[in-house]
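Residues per chain are reported as follows:
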Amino acid sequence: LIALKLSRRILIPLNSVIESINLISQGDLTVRVLHCDKSLGEIATLINNFNFLADQLALMTQEQSFWNAAIAHELRTPVTILKGRLQGLADGVFTANEQQFRSLLTQVEGLIRLIEDLRMISLVESGHLELQIQETDLSNEINILVDLLSDKFQASEKILKLDLTSDCVQCDPIRIRQALLALLDNALKYSVADKIYIKTYISGDIYHLSVEDEGPGISPEFASHAFTAFRREKNTKTTGSGLGLAVVASIAKAHRGSASCEQTLQGGTRFEIHWPLKHHNSNKPLISHWSFC
């Protein structure tokens, strides 16, 4: 009798797990196993782990649906414009001149940037982004990029202030420039002050690269989602794909680092990426080529 009662006590939650697995395999991601007596030990742990796994699966499914809808939305706008313009040219509504072709080219370039950003984020998440790691003095790379952007900043009436260390760091300089360009574009879009600061420094064995503005800053609620793809702060009129900061975080992750966002004491925002000065071998390397200067 004791064995029969004990077996029933054990089999009831196990059968519930089996039934829930069958329902999830049929597409019902809302099913959960009722918690059992904690005295059952391993069985209670199994149920908790199963419910956690089901929660994560449901969350991933929701995120996938969000991504599909967001990608479709971002692609629809330029494709609709292209279709309308081309149809107008075919029907003779628009005159086939240089202005029309440049307008079409702008939409195509936007599509190419969007596709490349999506491709890079996917490669990082899957661990297949190929980096060209070099021993690099980033101060030279940053100065070159700043010179190239000088006309753009003058047109926006923004002043760049640099505080750069001349120490070398192991990184992919092209990808780091890509991340810095995205941070500067973000600062140009949102900053209302006239000064933008670029700073690099070393803390311990970590290299830091930051871009800071003087306002208006971002809300603390949005700061935690700043690097999430397709997320934009509410009540903003700035257009864009919402992938710029996600690309920045992906580049930092590919360098086995991370990205951060915080408000400054002056009321602005500081975006920063940081990664190890030296890369070490791992079981799943993200780096495929090395060169040294």
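In the block above lies the structure referred to throughout.
Only a predicted model underlies this, so the values are computations on that prediction, with no experimental measurement involved. One numbering rule holds for all chains: residues counted from 1, following each sequence as written. Side-chain atom pairs in this predicted model are given and counted only at pLDDT of 80 or more, local residue features only at pLDDT of at least 70, and totals for whole chains, interfaces and linings cover all residues. Excluding hydrogens and water, the side-chain values take into account all heavy atoms of the structure.

Participant: Residue-level account of the overall build of the chain, with values.
Facilitator: Looking only at helices and strands, the chain features 8 helices and 8 strands. Think of it in three bands: residues with accessible area under 20% of the maximum for their type are buried, residues over 50% are exposed, and the middle band is partly exposed, with areas taken using a 1.4 Å probe on protein chains only. Here the chain, with 293 residues, has 36% of them falling under the buried criterion. Put simply, 69% of the contacts in the chain that link residues at least 6 apart link residues at least 24 apart. Counting only carbon and sulfur atoms, one obtains 56% of the accessible surface of the chain, whose full area is about 17800 Å². Helix and strand labels come from DSSP, where a helix needs a run of H or I of at least four residues and a strand needs a run of E of at least two; each type is numbered from the N terminus. Here a residue-residue contact requires only that any non-hydrogen atoms of the pair lie within 4.5 Å. Note on areas: these come from Shrake-Rupley sampling with a 1.4 Å probe, and a residue is covered only by the protein chains present in the view.

Participant: I'd like to hear about the pairing of strand S5 (residues 206–213), residue by residue, with values.
Facilitator: If a strand is regular, its side chains alternate between the two faces of the sheet. Counting buried residues along S5, 7 of its 8 residues qualify, which places the element largely inside the surrounding structure. Pairing of strand S4 (residues 195–203) with S5, which is carried by 8 bridges, proceeds in the antiparallel orientation. Considered in S5, the bridge of tyrosine 197 is made with glutamate 212. In this structure, the hairpin formed by S4 and S5 is closed by a connection of 2 residues, where glycine 204 is found at a positive phi of approximately 70°. If DSSP finds at least two bridges between two strands, the strands pair. Strand direction decides the pairing type here: S5 and strand S7 (residues 269–276), joined by 7 bridges, are antiparallel. Bridge assignment links valine 211 to a residue of S7, and that residue is phenylalanine 271.

Participant: Explain the side chain of serine 210 residue by residue, including any values.
Facilitator: Looking at where serine 210 falls in the secondary structure, it is placed in strand S5. Setting aside its immediate chain neighbours within four residues, serine 210 contacts Tyr197, Ile198, Lys199, Arg270, Phe271 and Glu272.

Participant: For the pattern of salt bridges, give the residues involved together with the corresponding values.
Facilitator: In what follows, salt bridge is the name for a side-chain nitrogen of Lys or Arg lying within 4 Å of a carboxyl oxygen of Asp or Glu. Within this structure, the stated rule accounts for 7 salt bridges. We note a salt bridge from arginine 270 to glutamate 212, for which the minimum N-O separation is 3.1 Å. Taken together, the residues arginine 270 in strand S7 and glutamate 212 in strand S5 connect sequence positions 58 residues apart. Given a relative accessible area of 22%, arginine 270 falls into the partly exposed group. Salt bridges linked by common partners bring Glu212, Glu262 and Arg270 together as one network.

Participant: Give a detailed account of helix H3 (residues 98–126), specifying residues and quantitative values.
Facilitator: Its 29 residues place the ends of H3 42 Å apart at the C-alpha level, agreeing with the 42 Å of an ideal helix rising 1.5 Å per residue. For H3, the set of buried residues is Gln100, Leu104, Leu111, Leu114, Asp117, Leu118, Met120, Ile121 and Val124. Backbone geometry just downstream of H3 places glycine 127 in the positive-phi region, at approximately 75°. Each helix should span, by expectation, one fewer than its residue count multiplied by 1.5 Å.

Participant: A description of a nonpolar patch on the surface should follow, citing residues and the corresponding values.
Facilitator: Taken together, the side chains of Leu105, Val108 and Ile112 make up a nonpolar region of the molecular surface, amounting to roughly 250 Å² of accessible area. Within the secondary structure, isoleucine 112 sits in helix H3. Only residues whose relative accessible area exceeds 30% and that form no salt bridge enter a patch; like-charged residues are grouped when within 9 Å of one another, and nonpolar side chains (Val, Leu, Ile, Met, Phe, Trp, Tyr) when within 5 Å.

Participant: Any chance you could break down the packing of aromatic side chains for me, citing the residues and the numbers?
Facilitator: Aromatic contacts are taken between Phe, Tyr and Trp rings whose centres are within 6.5 Å, Trp giving its six-membered ring; a plane angle under 30 degrees counts as stacked, one over 60 as edge-to-face, and the others as tilted. One pass over the full model with this rule turns up 2 aromatic pairs. Ring centres of tyrosine 207 and tryptophan 275 lie 5.2 Å apart, and the angle between their planes is 45°; this geometry places the pair in the tilted category. Placement of tyrosine 207 in strand S5 and of tryptophan 275 in strand S7 is noted, with a sequence separation of 68 residues between them. Here tyrosine 207 and tryptophan 275 have matching classes, each one buried. Here the aromatic rings of phenylalanine 227 and phenylalanine 271 are separated by 6.0 Å at their centres, their planes lie at 85°, and the arrangement is edge-to-face. On the criterion of sequence distance, the pair formed by phenylalanine 227 in the loop between helix H7 (220–223) and helix H8 (244–254) and phenylalanine 271 in strand S7 is long-range, its members being 44 residues apart. Since its relative accessible area comes to 17%, phenylalanine 227 is described here as buried. Only when the NZ atom of a Lys or the CZ atom of an Arg is both within 6 Å of the ring centre and within 35 degrees of the ring normal do we say a charge sits over the ring. Of note, arginine 85 hangs over the ring of phenylalanine 94, and the distance from its end group to the ring centre comes to 5.0 Å.

Participant: Mind laying out helix H6 (residues 173–190), listing which residues take part and the relevant values?
Facilitator: With 18 residues, H6 ought to run about 26 Å at 1.5 Å a step, and its terminal C-alpha atoms sit 26 Å apart, in line with that. Whenever two N or O atoms come within 3.5 Å, that pair is a polar contact, provided that in protein one can donate a hydrogen and the other can accept it, and provided that, for residues adjacent in sequence, both atoms are side-chain atoms. Its side-chain oxygen at 3.1 Å from the backbone nitrogen of isoleucine 174, aspartate 172 defines the N-terminal cap of H6.

Participant: Lay out the side chain of threonine 200 with the relevant residues and their values.
Facilitator: By secondary structure assignment, the location of threonine 200 is in strand S4. The exposure class assigned to threonine 200 is buried, which follows from its relative accessible area of 4%. In this view, threonine 200 contacts Ile142, Asp163, Leu164, Thr165, Tyr207, His208 and Leu209; residues no more than four positions away in its chain are not counted.

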